[in-house]
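# Architecture at a glance
Here are the chains, one letter per residue:
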Amino acid sequence: MEHATEYGDAAECLQAAQASMRQVKRLLSRPSVEAADESATLLREVEIQLGCVAAILRQNGSQPDARMRAGVEELQNEVAVLAAFFAGAGKMLSGWLDAVRSRRGGYTERGQAAPLTLVRKLSVEG
Amino acid sequence: MGNLYSILNSAAQSLQAFEQAIDVTQNNVTNANSPGYADQVPQLISQDYQSDTGINTGGVQEVTQDTRSTYADTAVQQQLSLQGMYQQLQTTLTPLQNVFDVSSDSAIPSALNALFQSFSQWSTQPSNANYQSAVIDAAQQTASAFQQAAVQLGQIQTAVTSNIQSTVTQINQDAAAIQSYNQQIAQSPQPNAGLSAQLENTLENLSSLANIQVLPGNGGTVTVLLGGQTALVEGDNVNAIQAVNDTASTAGNPGAAPTISIEDSNGNDITGEIGTGSLAGLLSVSNTFLPSLIGGGQQVGGLNTLAQGLADSVNTVLEGASTTSTPPYQAGSALFTYNAASPAGIAGSLAVSSTITGSQLAAADTGPPVVANGAALTLAGLDSSDPGPVDGQGFTAYFASLTSSVGNAVNNANTQVTAQSQLVAQAQSLQQQVSGVSLDEEAVRLVQFQSSYDAASKVVTVINDTLQSLLSIIPG
């Protein structure tokens, strides 16, 4: 009976991870810096929730469970989509930044886009 | 007089400038939801004092500035191009899952299962006419399943070829439209936001069809390069492309579908330059993926390899066995036939020998020692023999590997389509956010996005590892 309760806890953790992942998907569908930051926080929660599932199952010994396995596989598909999204976004943003850098500061001697530097502006009046 | 005239003239010009500024604002409001439209910002600048005439002191002149960010447009186009490719792959590859379905009720696995069961049953009573007849029936079902799969793949190949032709036609139509916009923009005395929006909309549509590079020209006109190298639209010129069947590609592989190449207006092969867009997706399916299954170019195709492997293995056993288990031994007949002259058409031509009868099925292995049902037993165990008869695998396992390659390709396309639709939304959102801001502000916003995504991306990698270990903990 105790085993069933703990096993139920694992299922609850998995459901919480799935709910967080749904929220991440919703957030990323309307891209903004704030949404991206919030997604990162939620993803850390997913990481913790899945860690809990793994810890509970390891402790109690896992039984074949088609429903839980399907849930994990579904999450895996969603993570694959996220990974593809972040890989594509990283590529796009770095290409875009390179274009902005080269337009702003030209190219280095090695032919790379000039790095962006922070220039503090000082205004003196009077 | 000079002064009075210049004051009046200056006032008139100022009024005209403000009127134009109001028009621009009105235009922005009207086109707020028009696809491809970028806000026009009216800028009022002082005109120089002309000392020689004394005209135009302190007046203003309206200069309309397009808020479009060069790279923002490029980013949207690139993401649309990737989306176009993955959507095309998803649409084209999904029907293949009907042919390559590993479930027991799908045609080929189910026919193979029935065939090996019939061999097994026959091995229990080799002279039983009903069992012999069941073997021939099962063989006919198997041949029919292969033929049907070949027909279905042929239909998909035909549809893909037709899609390539229509995509090339769309690309040429978009190129012609862009050329027309270029002409209108060149003739327009001042920037025309409507034309610019139409041009951008057409460029985005073209991006979803193929990977293009847009080079800004004079006064808002553009040069469009296909794959970054071939000029598709250059000022007033359109270099139409065409899809060509490369018949030389099938030399030595009769019956195989030719590779399709894309040529520019001078007949140069530019297929290698088509990297993304729906055309790239179609070319990849037509020239690489389908040939790996049903043959094409120099490939025989997995389905044909399987059909030939099955026919040859079964025939070899039967022809090397005897219909009687006592002398005089009588060699058995081949069960399957196929057109060996067309390696890429073997699955489509696989059939049961029209002359074979149940009594011609040879069940006896003449040994020594002689085993009355030895050949029938060998046939019954053929699918599970080690190493297997088709590239070291059994027939069912080989078919499963084909199914797996189709399934993986479809899954990958599904994943990429979902991710890509978010990337398009992101690129479009950033396009809106950076329109009209300075390069520095654009860079700051991009760096913010980059660091936020970096943080999230690292967590995703950890989550993926955790999910992998979870799957190993939970037995299936």
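In this text, all values refer to a predicted model and were calculated from it rather than measured experimentally. The residue count restarts for each chain, going from 1 along the sequence in the order it is written. All chains are assigned letters beginning at A, and all ligands numbers beginning at 1, according to the order in which they are written. For this predicted model, a pLDDT threshold of at least 70 governs which residues receive local features, and a threshold of 80 or more governs which side-chain atom pairs are given and counted, while totals over whole chains, interfaces and linings are taken from all residues.

## Side note on the overall build of chain A
Where we set the bar: Comment: elements are numbered from the N terminus, with helices defined as DSSP H or I runs of at least four residues and strands as E runs of at least two. Residues are called buried when their C-beta atom has 20 or more other C-beta atoms within 10 Å, exposed when it has 12 or fewer, and partly exposed otherwise; all C-beta atoms are positioned from the backbone.
Of regular secondary structure, chain A possesses three helices and zero strands. In chain A, the succession of helices and strands from N to C terminus is α-α-α. Burial analysis of chain A (126 residues in total) assigns 31% to the buried set.

## Here we look at the overall build of chain B
When helices and strands are counted, chain B shows twelve helices and ten strands. The 476 residues of chain B split such that 44% are buried.

## Some points on the interface of chain A and chain B
Size of an interface: often given as the accessible area lost when the parts come together. Quick note on the threshold: Residues are treated as contacting if the C-beta atoms built from their backbones sit within 7 Å of each other. The classification used treats Ala, Val, Leu, Ile, Met, Phe, Trp, Tyr, Cys and Pro as nonpolar, Asp, Glu, Lys and Arg as charged, and all other residues, Gly among them, as polar.
Every contact between the two is made by 46 residues of chain A and, on the other side, 42 residues of chain B. Only α2 (33-60) and α3 (66-105) of chain A provide two or more residues apiece to the side of chain A that touches chain B. The element that contributes the greatest number of residues to the side of chain A that touches chain B is α3(A), accounting for 24 residues. Considered class by class, the residues forming the side of chain A that touches chain B number 31 nonpolar, seven polar and eight charged.

## Thoughts on the sheet that holds strand β6 (residues 237-238) of chain B
Residues and elements named next belong to chain B. Short version of the rule: Following DSSP output, two strands are said to pair if at least two bridges run between them.
Taken in spatial order, the four strands of this open sheet run β3-β4-β5-β6, and their pairing is antiparallel. The open sheet has two free edges, formed respectively by β3 (212-216) and β6, since each of these has just one partner strand. Across four bridges, the pairing between strand β4 (residues 222-226) and strand β5 (residues 230-234) is antiparallel. Bridge pairing in β5 links V224 to V233.

## Side note on the pairing of β5(B)
Successive residues of a regular strand alternate their side chains across the two faces of the sheet. All names here are of chain B. In this structure, the hairpin formed by β4 and β5 is closed by a connection of three residues, where G227 is found at a positive phi of approximately 65°. Judged from the two bridges that link them, β5 and β6 form a sheet pairing that is antiparallel. Within β6, the residue paired with E234 across the bridge is N237. In sequence, β5 turns back onto β6 through a hairpin of two residues, with G235 there showing a positive phi of about 60°.

## Looking at α3(A)
Since the α-helix turns once every 3.6 residues, residues separated by three or four places project in the same direction. For clarity, the cut-off: Here, expected helix span is obtained from the residue count minus one, scaled by 1.5 Å.
Taking 1.5 Å per residue as the helical rise, α3(A) with its 40 residues ought to reach 58 Å, and the 57 Å between its terminal C-alpha atoms agrees with that figure. Just beyond α3(A), the residue with positive phi is A:G106, at close to 75°.

## Notes on the confidence of the model for chain B
Residue and element names in this part refer to chain B. As a reminder, the rule being used: Values of pLDDT, ranging from 0 to 100, describe the predictor's confidence in every residue of the model.
Confidence in the prediction of chain B, expressed as mean pLDDT, is 85, and 84% of residues score 70 or more. In the predicted structure, residues 42-67 sits below a pLDDT of 50 and forms 59 contacts with residues beyond four places in sequence or in another chain. Across the assembled chains, the prediction reports ipTM 0.81 with pTM 0.79.

## Observations regarding unusual backbone geometry
Leaving glycine out, the prevailing phi sign among residues is negative, and the prevailing peptide bond configuration is trans. Residues and elements named next belong to chain B. Cis peptide bonds are those with omega within 30 degrees of zero, and the linkage from G367 to P368 qualifies with 0°. With an omega of 0°, the peptide bond running from D386 to P387 counts as cis. By the secondary structure assignment, P387 is in the loop between α10 (374-380) and α11 (395-434). The residue D391 is not glycine, and still its phi comes out positive at about 50°. With respect to the element layout, D391 can be found in the loop between α10 and α11.

## Thoughts on the nonpolar core
All names here are of chain B. The condition is simple: By our criterion, buried Ala, Val, Leu, Ile, Met, Phe, Trp, Tyr and Cys residues that link up through C-beta atoms within 7 Å make up a nonpolar core.
Ranked by internal contacts, the top residues of the largest apolar core, which has 97 residues, are L303 and A307. The element contributing the most residues to this core is helix α5 (residues 129-187), with 19 residues. Apart from the residues within four sequence positions on either side, A307 is in contact with F146, Y338, I346, A347 and L350.

## Some remarks on the packing of α3(A) against helix α12 (residues 439-473) of chain B
Applied cut-off: Here an axis means a line fitted to C-alpha atoms, over the contact stretch when the element is a helix, while the angle between two N-to-C directions is reported on a 0 to 180 degree scale. Should an angle fall under 35 degrees it is taken as roughly parallel, and over 145 as roughly antiparallel, whereas 65 to 115 is taken as roughly perpendicular and any remaining angle as oblique. Handedness of each helix crossing follows the sense of rotation of the near helix against the far helix: counterclockwise by less than a right angle gives left-handed, clockwise gives right-handed.
It is at 8 Å that the axes of α3(A) and α12(B) come closest, and there the two elements cross at 155°. Considering their axes alone, α3(A) and α12(B) lie roughly antiparallel with respect to each other. In this structure, the crossing between α3(A) and α12(B) has a hand that is left-handed. Grouping the amino acids of the contact of α3(A) with α12(B) by side-chain chemistry returns 23 nonpolar, five polar and three charged.

## Details of the environment of B:A443
Within the secondary structure, B:A443 is located in helix α12. Sequence spacing of B:A443 and B:Q148 is 295 residues, and the spatial spacing of their C-alpha atoms is 57 Å.

## Looking at the environment of A:K91
As for its position among the elements, A:K91 is in helix α3. On the neighbour-count criterion, A:K91 (13 C-beta atoms within 10 Å) is partly exposed.

## As for the confidence of the model for chain A
The predicted model of chain A has a mean per-residue pLDDT of 81, with 83% of residues at 70 or higher. When the elements of chain A are averaged for pLDDT, helix α1 (residues 2-28) of chain A gives the smallest value, 79, and α2(A) the largest, 88.

## A closer look at the packing of helix α4 (residues 107-124) of chain B against α11(B)
Residues and elements named next belong to chain B. At a minimum axis separation of 10 Å, α4 and α11 run at an interaxial angle of 175°. By the angle between their axes, α4 is roughly antiparallel relative to α11. Contacts between α4 and α11 involve I108, P109 and L112 from the first element and F395, T396 and F399 from the second.

## Focus on the pairing of β3(B)
Residue and element names in this part refer to chain B. Where β3 and β4 come together, five bridges link them in antiparallel fashion. Directly across from L215, in β4, lies its bridge partner T223. In this antiparallel pair of consecutive strands, β3 and β4, the connection spans five residues, and G219 shows a positive phi of 60°.

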